[in-house]
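A look at the structure
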Amino acid sequence: NTSMKLSKWMHVVSIIVAILGPIMLIGAWIAGENGTFFGLSQTHLFNDAIVFELIAIAASICTLVRLQLEKNNPGKLNIV
């Protein structure tokens with residue numbers, strides 16, 4: 001079977017989203033208090049950084065849960 005398991009997909013998603021957080025944080029620092037970075041204010045970028053990291057944490061936890069489900073039920077595609 002060459003298809004990727006859901007745990008692998010969630011792992012990739014968590015890594016990509018975790019990288020976006022620091023990029024938003026750096027953008028906020030570049031924007032400064034009254035400036036913008038790619039048209040977004042510093043406050044908006046700080047909030048984006050927080051949200052991206054929270055999503056990355058949730059995706060990482062989802063990966064761990066998926067790994068356990070796949071271990072307990074090999075060969076089955078358990079969505080929930």
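1. Comments concerning the packing of helix α1 (residues 6–31) against helix α2 (residues 42–72)
Packed helices, taken two at a time, are described by their axes: the angle between them and the distance between them. Between α1 and α2, the shortest axis-to-axis distance is 7 Å and the interhelical angle comes to 165 degrees. One finds that α1 runs roughly antiparallel with respect to α2. The way α1 lies across α2 gives a crossing that is left-handed. Taken together, the residues of the contact of α1 with α2 sort by class into 20 nonpolar, eight polar and four charged.

2. Here we look at the nonpolar core
Core analysis: the biggest nonpolar cluster contains five residues, these being Met24, Ala28, Ala31, Leu45 and Ala49. Among the elements of the structure, α1 and α2 are those that each provide at least two residues to this core. Examining the composition of this core, we find that three residues originate from one element, α1, more than from any other. Beyond its immediate chain neighbours, meaning those up to four positions away, Ala28 contacts Gln42, Leu45 and Phe46.

3. Some thoughts on the environment of Ser14
Summarising the element assignment, Ser14 is placed in helix α1. Along the sequence, Ser14 and Ala59 sit 45 residues apart, while their C-alpha atoms lie 5.1 Å from each other. Setting aside anything within four residues of it in sequence, one finds Ser14 in contact with Ala56, Ala59 and Ser60.

4. A word on α1
An ideal rise of 1.5 Å per residue puts 38 Å on 26 residues; α1 measures up with 37 Å between its terminal C-alpha atoms. Of all the positions in α1, only Ser7, Ser14, Val17, Gly21, Met24, Gly27, Ala28 and Ala31 are classed as buried. In the core, the buried residues of α1 are packed alongside β1 (36–37), β2 (40–41) and α2. Backbone geometry just downstream of α1 places Gly32 in the positive-phi region, at approximately 75 degrees.

Cut-off values and rules
Residues numbered from 1 in each chain as written. Predicted model: local features only at pLDDT ≥ 70, side-chain atom pairs only at ≥ 80, totals over all residues. Heavy atoms only, no water. Axes fitted to C-alpha atoms, helices over the stretch in contact; angles between N-to-C directions. Helix = DSSP H or I, 4+ residues; strand = E, 2+ residues; numbered from the N terminus. Parallel < 35°, antiparallel > 145°, perpendicular 65-115°, else oblique. Left-handed = near helix turned anticlockwise from the far one by under 90°. Nonpolar A, V, L, I, M, F, W, Y, C, P; charged D, E, K, R; others polar. Core = buried A, V, L, I, M, F, W, Y, C linked by side-chain atoms within 4.5 Å. Buried < 20%, exposed > 50% of the residue type's maximum accessible area, 1.4 Å probe, protein only. Contact = heavy atoms within 4.5 Å. Expected span 1.5 Å × (residues − 1).

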